[in-house]
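Inside the fold
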Amino acid sequence: MGQKLMSLKEAAALVQDGSLVALGGTLMHRSPLAFARELARQGKRDLQLVKAGGAYDIDLLCAAGCVAAVHAGFVGFEAEFGLAPNYRRMVEEGRVKACENACYTVIAGLRAAAYGLPFQPIAGIFGSDLLEAREFKTVKDPYTGAEVVAIPKLKPDWAMLHVQEADRSGNARIFGAPFEDVLMSRAAKGVILTAERIVETETFQAQPELTAIPDFLVVAVVEAKGGAWPGSCYPYYKIDSRAVREYLDQSSDPRKLREYLSKVDR
Amino acid sequence: MDSQIQADQMTVSMARLLKDGERVFHGVSSPLPMIAILLAKKLHAPNLVYLNIAGGVNPSPERVPSSTLDPVLAQGSPSIFSLIEIFDLSARGELDTVFLGGVQVDRYGRINLSAIGKDYWRPKVRLPGGAGSAALMPTAKRTILWRTKHTPKTFIEKLDFVTAAGRVDRIVTPLCVFALREGEILVESIHPYIKPEEVIENTGFPVQVDANTPITPPPTPEELKALHALDPSNIRLIEFK
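These notes cover the structure that comes with them. (Residues numbered from 1 in each chain as written. Chains lettered and ligands numbered in written order. Predicted model: local features only at pLDDT ≥ 70, side-chain atom pairs only at ≥ 80, totals over all residues.)

Re the interface of chain A and chain B
Taken residue by residue, the interface counts 42 residues in chain A and 43 residues in chain B. When residues in the side of chain A that touches chain B are grouped by element, the largest group, four residues, is from strand S3 (residues 67-75) of chain A. Grouping the amino acids of the side of chain A that touches chain B by side-chain chemistry returns 24 nonpolar, 11 polar and seven charged. (Contact = placed C-beta atoms within 7 Å. Helix = DSSP H or I, 4+ residues; strand = E, 2+ residues; numbered from the N terminus. Nonpolar A, V, L, I, M, F, W, Y, C, P; charged D, E, K, R; others polar.)

Description of the pairing of strand S1 (residues 23-26) of chain B
All names here are of chain B. Relative to strand S2 (residues 49-51), S1 runs parallel, the two being bridged by three bridges. Residue pairing across strands places Phe 25 opposite Leu 51, the latter belonging to S2. Crossover connection from S1 via helix H2 (residues 31-43) to parallel S2: handedness right-handed. Looking at chain direction, S1 and strand S3 (residues 97-101) are connected through three bridges and run parallel. Pairing of Val 24 across the sheet is with Thr 97, part of S3. (Pairing = 2+ DSSP bridges. Right-handed = clockwise from strand over helix to strand, strands pointing away.)

A short note on the nonpolar core
Residue and element names in this part refer to chain A. Core analysis: the largest hydrophobic core is formed by 161 residues, its most contacted members being Ile 58, Leu 61 and Leu 193. There are two domains that each give this core at least three residues, and those are domain 1 (8-118 + 153-261) and domain 2 (119-152). Not counting chain neighbours up to four residues away, the residues in contact with Leu 61 comprise Ala 36, Leu 39, Ala 40, Leu 47, Leu 49, Cys 66 and Val 67. (Core = buried A, V, L, I, M, F, W, Y, C linked by C-beta atoms within 7 Å. Buried ≥ 20, exposed ≤ 12 C-beta atoms within 10 Å, placed from the backbone. Domains from an automatic or database assignment.)

Description of unusual backbone geometry
Put simply, A:Trp229 and A:Pro230 share a cis peptide bond, and its omega is 5°. Put simply, A:Tyr234 and A:Pro235 share a cis peptide bond, and its omega is -5°. Within the secondary structure, A:Pro235 sits in the loop between strand S11 (218-223) and helix H9 (241-250). Notably, A:Leu27 is not glycine yet its phi reads approximately 40°, a positive angle. Even without glycine at this site, B:Glu182 takes up a positive phi of about 50°.

Section: the sheet that holds strand S11 (residues 184-190) of chain B
In a beta sheet, neighbouring strands pair by backbone hydrogen bonds and run either parallel or antiparallel. Residue and element names in this part refer to chain B. Pairing is mixed across the open sheet formed by seven strands, whose spatial order is S2-S1-S3-S8-S9-S10-S11. Strand pairing shows two members of the sheet lacking a second neighbour, S2 and S11, which therefore form its edges. Taken pair by pair, the neighbouring strands of this sheet meet at an average axis angle of 25°, ignoring direction. Most of the contacts of H2 go to S1, to which it runs at about 155°, and overall it touches S1, S2, S3 and strand S8 (142-146). (Axes fitted to C-alpha atoms, helices over the stretch in contact; angles between N-to-C directions.)

A closer look at helix H5 (residues 103-115) of chain A
All names here are of chain A. Here H5 spans 18 Å end to end across 13 residues, near enough to the 18 Å set by a 1.5 Å rise per residue. Of all 13 residues making up H5, 12 are buried, and the element is well covered by its neighbours. Among all positions of H5, only Cys 103, Tyr 104, Thr 105, Val 106, Ile 107, Ala 108, Gly 109, Leu 110, Arg 111, Ala 112, Ala 113 and Ala 114 are buried. Directly beyond the C-terminal end of H5, a positive phi value near 70° is found at Gly 116. (Expected span 1.5 Å × (residues − 1).)

As for the sheet that holds strand S5 (residues 119-122) of chain A
Residue and element names in this part refer to chain A. Spatially, S5-S7-S6 is the arrangement adopted by the three strands of the open sheet, whose pairing is antiparallel. At either end of the open sheet lies a strand with only one pairing partner, and these are S5 and strand S6 (137-140). If you compare each strand with its neighbour and ignore which way they point, the axes differ by 45° on average. In this structure, S5 lies alongside strand S7 (residues 147-152), joined through four bridges in antiparallel fashion. Bridged to Ile 122 within S7 is Val 149. Set on the sheet, H5 makes contact with S5 and S7; between it and S5 the angle comes to about 140°.

In short, shape yes, function no, at least from these values alone.
Here you go:
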């Protein structure tokens with residue numbers, strides 16, 4: 001086994017153009033935002049992004065022209081910040097395909113991948129135009145004959161997760177809500193972790209039941225203090241509203257976005 | 001109309017709809033439901049089970065956050081119950097009440113959170129998406145909708161896209177409370193500061209409102225006191241900006 005601990009640059013270089021990338025966290029909470037910025041700096045193309053609810057990460061990658069399609073239930077900043085301006089514009093211009101989901105259908109697609117199945121039956125969704133728009137099919141329950149919606153598997157090439165603690169071989173702990181991260185780690189072909197802190201493996205061995213992600217699923221580990229900034233990472237930091245505002249002010253202009261990306265992680 | 005009065009009336013009206021002991025969930029971008037749930041727990045529903053995306057189960061947050069999935073909403077929670085598990089709970093018919101919003105709402109209580117315009121794939125406005133609504137509205141025992149803008153463009157005859165449909169019980173707006181009974185929308189009460197014709201003029205489909213329509217009881221001093229204690233920094237006004 002090679003060395004997994006690497007720089008953000010090296011880890012982002014693992015992601016090929018056209019990859020299906022699942023992003024951990026939710027909206028502005030424990031999302032892999034430093035990693036998203038590095039993907040943007042490396043000029044990735046035609047990525048397909050998977051996330052139940054995204055904000056800055058999806059919006060930034062859309063602004064930077066890295067994205068072909070977004071599989072998500074919700075893309076937007078919350079009340080005070082409003083819509084995700086670049087995602088919105090790129091979809092309206094037909095340059096990014098919004099593969100709209102309900103959050104639960106993202107989860108179902110990931111579950112199918114994690115369970116090794118072609119699809120996952122799911123409760124609900126009837127009555128929604130998403131069925132037709134997304135061509136979600138129904139299957140018959142072989143026992144009762146009832147119709148159930150079947151969500152096709154979503155198997156990411158990469159799960160890109162920001163966690164509070166990891167060791168150098170890729171064991172990881174998540175504090176607070178796990179969101180869809182643990183499921184993503186099982187569904188994806190490989191996991192890339194950024195971590196607030198790199199801790200010794202002994203810490204994990206002392207309480208293995210607290211480990212959310214085991215190292216054998218993980219390909220790369222990056223020490224990235226502040227890796228969810230300008231979002232929050234419980235319990236270390238809260239949303240940096242001023243920095244979110246700054247992003248929203250600068251991201252829609254390509255020249256300003258380049259400047260932003262070149263200065264922001266220095 | 002003063003948005004403080006509207007925000008207080010809506011929050012209190014939403015809180016009153018909640019019953020003691022029921023399991024209640026709100027999602028993203030939901031300051032009013034978040035505050036209404038915490039208010040109901042403080043006043044008449046101490047045993048209500050409050051669930052949220054931060055993973056909190058009956059949390060006691062030190063402040064109400066502007067992001068309604070902020071980690072502070074798990075503060076004091078004795079367990080973490082994740083969003084995946086909340087969807088599963090609803091899927092198996094064990095979630096009582098979910099709060100959902102819609103950019104457009106029709107007379108059947110169906111919502112559009114997907115796109116404005118005739119062409120879904122090249123929309124005039126791409127909206128954020130319905131988050132969990134398409135899965136939750138048909139499976140939760142009831143849905144309470146809220147919308148802080150009540151205009152003919154938001155309460156509309158025909159949705160541009162049906163993001164979600166399901167078991168809507170009530171719709172709370174700055175003008176009135178709608179109830180859905182056997183699939184039909186009716187004005188249950190209009191708020192004390194509203195004239196009947198304002199509801200008719202601001203609703204994009206025909207509604208029955210007249211001098212006999214009940215008036216929503218205004219917030220009581222006790223409710224207002226608890227509301228101000230809970231949300232001293234007026235997070236609830238974010239939704240009116």
